[in-house]
Amino acid sequence: MTGEHVLSVAHLSMQFGGIRALHDVSLGVQRGSITALIGPNGAGKTTLFNCLTGFYRASGGSIRLYTRGMATDVLQVLGEPFQLGDFVRPRQFASRLWYKLFGGTHRVNRAGLARTFQNIRLFREMSVLENLLVAQHLWLNRSLLAGVLNTPGFRRAEEQALAHAFYWLELVDLVDCANRLAGELSYGQQRRLEIARAMCTRPQLLCLDEPAAGLNPAETAALGAIIRTLRDTHQLSVLLIEHDMGMVMGISDHIVVLDHGEVIAAGAPAAIRSDPKVIAAYLGADEEEPA
Ligand SMILES: Nc1ncnc2c1ncn2[C@@H]1O[C@H](COP(=O)(O)OP(=O)(O)OP(=O)(O)O)[C@@H](O)[C@H]1O
């Protein structure tokens, strides 16, 4: 896969003891596209997200991000295990040691990938605005001295962080809630706040895990419009796990279908809708089985 991809996953596998959650999964996310990852319950969708973001360490394969003008090997920046050959190749050893000491999920975020969760994970006891300011800590002036002396540079960085937070609050229609506690918001508002918080980390690829779960049809339509805006006016690439097929078919440029940890189909919405393998996977039927 080439530079027009913002994410390239090749031959990824993930084992949990005897459970093969992902097997030889390869897929790409086109820059500036909305790509949906669908499949029946237990197909491995969230496991794939967890591998992309470093919550799980993939058992094999590769994950590459092409963001911020560079290529990032996700498994490398998470800190790979040492290998025998490292001890005769000092540069390789030093690189692996560096990422063992200083690597982790924060490096994946810094490279330009942000995500939301199936079960909302906001800082419930913080205000809406504070949730968005915390998300910007990587971009703020974190010098203790600058903070104590309240230097002009420090104040400027704080003003920019506030402006950035309000920009995203406006986009997800939550400006009026800026000073409310995040935990007090309605379910739909919390889902939108999660997206705003992810956007505050200035990602180039946003991974959304079932963003429409629990939303009513009006809220789902509003969410679809927000995701389209992110693609069309912010040049963001989106990878989306979603069970709401109306939304998936309505907003996706490309769909990848997982079943039992394997990619069984990939293509445009119209092709996926009528793919017999996809229909069989969703109905739980075996294609080979006689009717
Ligand atoms: N931490 C874990 N330990 C053991 N097994 C796991 C773990 N996480 C996921 N699995 C298993 O991996 C498989 C894929 O699960 P996963 O949650 O990725 O599916 P999914 O497609 O996201 O399902 P859903 O649509 O229901 O969220 C399942 O068999 C699940 O039980």
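Residues numbered from 1 in each chain as written. Predicted model: local features only at pLDDT ≥ 70, side-chain atom pairs only at ≥ 80, totals over all residues. Heavy atoms only, no water.

A. Here's a closer look at the site of the ligand. The immediate surroundings of the ligand are formed by 14 residues, with Asn-41, Gly-42, Lys-45, Thr-46 and Thr-47 found nearest. Contact distances for the ligand include 3.0 Å between an oxygen atom and a backbone N or O atom of Ala-43. Between the ligand and Gly-44, the relevant distance is 2.9 Å, taken from an oxygen atom to a main-chain nitrogen or oxygen of the residue. When the ligand sits alone it has 640 Å² of accessible area, and the protein chains cover 65% of it. No other element matches helix H1 (residues 45–53), which puts three residues into the shell around the ligand. A per-class count over the shell around the ligand returns five nonpolar, seven polar and two charged. (Near = heavy atom within 4 Å. Polar contact = N/O pair within 3.5 Å; in protein donor to acceptor, adjacent residues only side chain to side chain. Areas by Shrake-Rupley, 256 points an atom, 1.4 Å probe, with all protein chains shown as cover. Helix = DSSP H or I, 4+ residues; strand = E, 2+ residues; numbered from the N terminus. Nonpolar A, V, L, I, M, F, W, Y, C, P; charged D, E, K, R; others polar.)

B. Here's a closer look at the sheet that holds strand E7 (residues 205–209). If you trace the six strands from one edge of the open sheet to the other, you get E6-E7-E8-E3-E9-E10, paired in mixed fashion. Single-partner strands in this sheet number two, and they are strand E6 (113–115) and strand E10 (262–267). Sheet twist, expressed as the average angle between the axes of neighbouring strands with direction ignored, equals 20°. Here four bridges tie strand E3 (residues 34–38) to strand E8 (residues 237–241), and the two strands are oriented parallel to one another. Considered in E8, the bridge of Leu-37 is made with Ile-241. Across the face of the sheet, helix H8 (residues 187–199) comes into contact with E6 and E7 while running at roughly 155° to E7. Along the sheet face, helix H9 (residues 217–234) touches E3, E7 and E8 and points at about 135° away from the line of E3. (Pairing = 2+ DSSP bridges. Axes fitted to C-alpha atoms, helices over the stretch in contact; angles between N-to-C directions. Contact = heavy atoms within 4.5 Å.)

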